[in-house]
Amino acid sequence: MLDGGHADPLPIYDEVFSHVADERELCAEVGGRVALRFADPQGRKDLAGRIIVHEFVVFLPLAAKVVTVDEGLQHIWNRPDIGDRYSEIWNVPDPGAAVT
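Calculation notes
Residues numbered from 1 in each chain as written. Predicted model: local features only at pLDDT ≥ 70, side-chain atom pairs only at ≥ 80, totals over all residues. Heavy atoms only, no water. Helix = DSSP H or I, 4+ residues; strand = E, 2+ residues; numbered from the N terminus. Contact = heavy atoms within 4.5 Å. Polar contact = N/O pair within 3.5 Å; in protein donor to acceptor, adjacent residues only side chain to side chain. Core = buried A, V, L, I, M, F, W, Y, C linked by side-chain atoms within 4.5 Å. Buried < 20%, exposed > 50% of the residue type's maximum accessible area, 1.4 Å probe, protein only.

Caption draft 1: View of the environment of arginine 33. With respect to the element layout, arginine 33 can be found in strand E2 (residues 33-39). Between the alpha carbons of arginine 33 and valine 57 there is a distance of 6.6 Å; along the sequence they are 24 residues apart. In this structure arginine 33 touches Ile12, Glu15, Val16, Ala28, Val57, Val58 and Phe59, once residues within four positions along its chain are discounted. Among the polar contacts made by the side chain of arginine 33, one reaches the side chain of glutamate 15 at a distance of 2.8 Å.

Caption draft 2: Region of interest: the nonpolar core. Among the nonpolar cores identified, the biggest contains 13 residues, and Leu36, Phe38, Phe56, Val58, Val66, Ile76 and Trp77 are the most heavily contacted of them. Broken down by secondary-structure element, the contributors of at least two residues to this core are E2, strand E3 (53-58), helix H2 (69-77) and helix H3 (80-90). Counting residues in hydrophobic clusters, the runner-up holds 7 residues, among them Val20, Leu26, Val30 and Ala35.

Here it is, written out as structure tokens:
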């Protein structure tokens with residue numbers, strides 16, 4: 001949903017998440033960045049009924065504050081431009097159409 005200020009964030013995402021386990025929830029430091037993954041805090045599900053999992057690459061200096069999933073929720077998900085924006089997109093009849 002967000003690009004972290006990078007024209008193409010996918011290579012960074014791939015690099016960071018290729019070094020972590022495939023756990024449902026995790027917070028792991030990878031080369032000065034943090035791989036953060038957690039289940040949707042509101043229990044939202046996709047069309048197949050699976051709980052949505054969110055993944056973030058966290059950069060310094062914020063990465064220094066995110067060493068647990070709970071801290072990730074506090075410092076990342078609870079930001080209005082993240083959790084609230086996701087809710088705005090998800091809580092519409094066609095979430096895919098709302099992404100801009």
